[in-house]
Each structure stands twice: as C-alpha cells, then as structure tokens.
Amino acid sequence: MSKNSILRSLLVFIGGIIFVSIIFGLSSAHKFYVNIFRLSPDQISSSLYNNTSQCKKISDCTLLPGDILIRRYITERTWLVDKLAHPYFTHSAFYLGDDQIVEAVGTEKTPEDEIQIAILSKSDWLYVDVENFVIIRPQKYTATKLNIIKNNLINIAKDPDYKFGLPESGYKRATCADLIFRQLLSESVINVSNAPEIITPDYLFSLAIKNPFNFNIVGYSISK
C-alpha cells in the first residue's frame, strides 16, 4: 500500500470516529463500533436464495400497514459509517399506510425533525439508484397491536424531544432500526431474548430470515 493510500485510509478512519462521535456521542461511538450487528453481502444473498420476490422495485410493491422497509443506500450521513462499521443495510423505515412511513433520519434531511413521518412516494426510498432493498411483513400483528405500534411511532415522530441516536437511559433517542424493533418487541409481535446491544437494519433482516413463520419477505432486490 502506498503512503498516499495509507494516509487516505487514516484520514477516513479519523474522520469516521469524529463523524460517529458527533452523531452518537463519544461513549456511544465506542459502543457503536464494538457492538454493531452486521451481515456480509454474501450472507444477504445466500439468505434470500430460496425466497421469491413479488417485486423488484419498491414502487412496484403492494405494501400493507406494518411492513418494514430496509435498504442499502449510501448518503452523506451513512457513507463513513458504511466504510468503517461495514453493515450491509444502512436504513430502515416502518410503513404506516396511506403512502406514509416513519423513519429516524437524524439531521441529514431536516435538522429540527430527526424522527419523522414522510410521504413514501416523495421520499428517497424511490430514488432510481436504491437498488438494494428488502420489504419484510411481520405475521403476528393483530388489529389492536398494529394500531398501538402505529400510534406509538406517530407520537414519537411528533415529539420534538426525540432525537436520532443510540438508546440511552433517560434520553429520548432511537436509531432507524431500534425504533421499529422496540415497538415490535413491546407488543409481542416478536419474541427475542438475546438481541444484540445495538439493533441495526441488518439485524431486522436476520430476524426475518431466521423466523420464516413469523415474517414474510414481500419483495427484494439485491445487487451487492
């Protein structure tokens, strides 16, 4: 490796530490690096080998309230995290119905609205270059459970005190995946006793693949 390559790699690493520290806080940044759950591209592809996709584009998928959208899509916010932490998927969202999603996006889109309700058809989920996505449909919803989860997520999105970040006692914080996971867990849509300390979109995918009776893969497109 040349001196210039080493220097560039070092600068990326240092920049990543600063970047993640700014987003998550210093103590949380260390926690993030040590405990993040991740899957490789090969693990993703092999996991989907026996699944039949109903759609190859998100815009062509027929979504139902409660569906979980996950994707790999590199933005300014996720670029360094992707380079340093190496997750496969970089973001997740919960479909409320009526073309609305709830997602924790941090300050990248709207600085004063880090967890927000967005219009799916007008969002970056439908950008042409979002080629890697999976849509997951939990099977253990009841009408009551789904309504409770939807209302909880709507209330969180409307609460200005809620921020994007690793969950921490005494603070209203959530990442995109943790936001969804905690709601599913609290309403017993999932039953998990050994969840990793940091919930990632990769982990949401892993839950669905390992529990095919509890989740359906509605559609996906993975190009690596």
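A few points on the structure. Fair warning: this is a prediction, and the values are worked out from it, not measured in the lab.

Analysis parameters
Residues numbered from 1 in each chain as written. Predicted model: local features only at pLDDT ≥ 70, side-chain atom pairs only at ≥ 80, totals over all residues. Heavy atoms only, no water. Core = buried A, V, L, I, M, F, W, Y, C linked by side-chain atoms within 4.5 Å. Buried < 20%, exposed > 50% of the residue type's maximum accessible area, 1.4 Å probe, protein only. Helix = DSSP H or I, 4+ residues; strand = E, 2+ residues; numbered from the N terminus. Contact = heavy atoms within 4.5 Å. Pairing = 2+ DSSP bridges. Axes fitted to C-alpha atoms, helices over the stretch in contact; angles between N-to-C directions. Parallel < 35°, antiparallel > 145°, perpendicular 65-115°, else oblique. Nonpolar A, V, L, I, M, F, W, Y, C, P; charged D, E, K, R; others polar. Disulfide = S-S within 2.5 Å.

## Comments concerning the nonpolar core
- Within the largest apolar cluster, 40 residues are counted, with the highest numbers of intra-cluster contacts made by Phe94 and Val134.
- Elements with a contribution of two residues or more to this core: β1 (68–72), β2 (91–97), β3 (100–104), β5 (132–138), α5 (143–158), α6 (176–186), α7 (201–210) and β8 (215–221).
- Broken down by element, this core gets its largest block of residues, 6 residues, from α6.
- Discounting residues that sit within four places of it in the chain, Phe94 has contacts with Gly66, Asp67, Ile68, Gln100, Ile101, Val102, Tyr141, Leu146, Ile149, Lys150, Leu153 and Ile180.
- In terms of nonpolar packing, the next biggest core, distinct from the first, is built from 16 residues, Tyr73, Ala93, Ala118 and Val130 among them.

## Here's the deal with the sheet that holds strand β4 (residues 115–119)
- Here 6 strands make up an open sheet; going across it, the order is β4-β3-β2-β1-β5-β8 and the pairing antiparallel. Either end of the sheet is taken by a strand with one partner, and the two such strands are β4 and β8. Averaged over all adjacent pairs, the angle separating strand axes in this sheet is 25°, with direction ignored.
- Bridge count between β1 and β2: 4 bridges; the pairing is antiparallel.

## Some thoughts on the packing of α6 against α7
- Interhelical geometry of α6 versus α7 gives an angle of 40° and a closest axis separation of 8 Å. By the criterion of interaxial angle, the relationship of α6 to α7 is oblique. Between α6, through Cys176, Ala177, Ile180 and Phe181, and α7, the contact on the second element is made entirely by Pro201, Tyr203, Leu204 and Leu207.
- The class makeup of the residues in the contact of α6 with α7 is 8 nonpolar, no polar and no charged.

## Brief notes about the environment of Ala177
- Positionally, Ala177 belongs in helix α6.
- Remark: the alpha-carbon pair of Ala177 and Thr200, spanning 23 residues in sequence, is separated by 5.2 Å.
- Residue contacts for Ala177: discarding those within four places in its chain leaves Ser92, Ile199, Thr200, Pro201 and Leu204.

## As for the state of the cysteines
- Applying the stated criterion across every chain, the model contains 1 disulfide.
- Two residues share a disulfide in this structure: Cys55 and Cys61, whose sulfurs sit 1.7 Å from each other. A torsion of 90° about the S-S bond marks the disulfide between Cys55 and Cys61 as right-handed.
- Cys55 sits in the buried class, given a relative accessible area of 5%.

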